[in-house]
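# Fold and geometry: a report
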Amino acid sequence: MKGVIIDAIKDLVIENFGMDKWKDILENAGLDRTTTFSLREDVPDETILAVVESISKTLNLSPEEVADAFGEYWVTVYMPKVYKPYYRGITSAKELLSKMDEIHRKATQNIPNAHPPRFEYRWEGPNTLIMKYKSPRGLVGIFTGLVKGVGKFFRTPLKVEQISENEVRIVFPE
Ligand code: HEM
């Protein structure tokens, strides 16, 4: 996966827990304490997963807590810093989530070796969306955390529930 993901994870850890903890996390993931990642480099998926697992162990957080913290940070802090043009004009959680498939295609179309996740949409009613996450990486927990992050960004109380191995049901307020 692109280095941009791990860069966001690093910023999140350093802002909340400090540089020493980040170095401990790298070490516990089997990496050098001084490892750095550039935004466009290809970081092996296994390395990213090892870092995410190491965060959970080193900081004593459940995988769900890590996914929720990452989702909130990516959408409310990192996205506004790095990806503003992609959501210009979008004013609601419903609209942003509906555009996620298109946004991932656009954000990665000029980046060699990017394999963005794809999303499919099925509306069960005007305020109930089934969003299917399609990626061989199987990061459905992270996906769910990101959906919750979109709710936080727009201050919209969403109900988000995983209903199968790759689908979540999202209920938007009236
Ligand atoms: C402006 C907003 C966003 C941009 C520009 C963006 C862009 C990206 C990029 C560049 C990657 C790495 C792809 C690769 O290395 O091949 C990625 C991964 C990912 N994105 Fe986003 N993203 C955004 C918001 C979201 C949101 C809101 C969700 C969920 C609702 C989401 C779900 C994911 C997931 C689950 C991955 C991990 C890769 C995988 O599972 O295959 N993203 N995104």
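Refer to the structure presented above.
Residues numbered from 1 in each chain as written. Predicted model: local features only at pLDDT ≥ 70, side-chain atom pairs only at ≥ 80, totals over all residues. Heavy atoms only, no water.

## Focus on the environment of Asp45
With respect to the helices and strands, the residue Asp45 is situated in helix 3 (residues 45–58). Its relative accessible area of 25% is what places Asp45 among the partly exposed residues. Taking the C-alpha atoms as reference points, Asp45 and Met1, separated by 44 residues in sequence, lie 5.6 Å from one another. Ignoring any residue separated from it by four or fewer positions in sequence, one finds Asp45 in contact with Met1 and Arg137. A polar atom in the side chain of Asp45 sits 2.9 Å from the backbone nitrogen of Met1. (Helix = DSSP H or I, 4+ residues; strand = E, 2+ residues; numbered from the N terminus. Buried < 20%, exposed > 50% of the residue type's maximum accessible area, 1.4 Å probe, protein only. Contact = heavy atoms within 4.5 Å. Polar contact = N/O pair within 3.5 Å; in protein donor to acceptor, adjacent residues only side chain to side chain.)

## Here's the deal with the environment of Gly18
Structurally, Gly18 is set in the loop between helix 1 (3–17) and helix 2 (19–28). For the pair Gly18 and Gly145, spaced 127 residues apart in sequence, the C-alpha to C-alpha distance is 22 Å.

## With respect to empty space enclosed by the protein
One pass over the full model with this rule turns up 1 cavity of 30 Å³ or more. Space inside the largest cavity adds up to approximately 30 Å³. Contributing to the lining of the largest cavity are Asp7, Lys10, Trp22, Thr35, Thr36 and Phe37. Here the lining of the largest cavity is built from residues that sort into 2 nonpolar, 2 polar and 2 charged. (1 Å grid on protein atoms, 1.4 Å probe; cavity = no way out; pocket = protein on both sides within 12 Å on 5 of 7 lines; lining within 4 Å. Points joined across faces, edges and corners; volume = space filled by probe spheres on them. Nonpolar A, V, L, I, M, F, W, Y, C, P; charged D, E, K, R; others polar.)

## Some details on the packing of helix 2 against helix 3
Where helix 2 meets helix 3, the axes come as close as 8 Å, and the angle between the chain directions of the two elements is 120°. Viewed along their axes, helix 2 and helix 3 adopt a mutual orientation that is oblique. As for how helix 2 packs across helix 3, the hand of that crossing is right-handed. Contact residues: Trp22, Asp24, Ile25 and Asn28 in helix 2; Val51, Ser54, Ile55 and Thr58 in helix 3. (Axes fitted to C-alpha atoms, helices over the stretch in contact; angles between N-to-C directions. Parallel < 35°, antiparallel > 145°, perpendicular 65-115°, else oblique. Left-handed = near helix turned anticlockwise from the far one by under 90°.)

## Re the packing of aromatic side chains
Here the structure, examined in full by the defined rule, presents 10 aromatic pairs. Relative to Tyr78, the ring of Trp74 has its centre 5.1 Å away and its plane inclined at 20°; by these criteria the two rings are stacked. Placement of both Trp74 and Tyr78 in helix 4 (residues 63–82) is noted, with a separation of 4 residues, approximately one turn of the helix. Accessibility classification places Trp74 together with Tyr78 in one group, the buried group. Relative to Phe143, the ring of Tyr133 lies with its centre 5.2 Å away and its plane at 15°, an arrangement referred to as stacked. On the criterion of sequence distance, the pair formed by Tyr133 in strand 2 (residues 128–134) and Phe143 in helix 7 (residues 140–153) is long-range, its members being 10 residues apart. (Phe/Tyr/Trp six-rings, centres within 6.5 Å; stacked < 30°, edge-to-face > 60°.)

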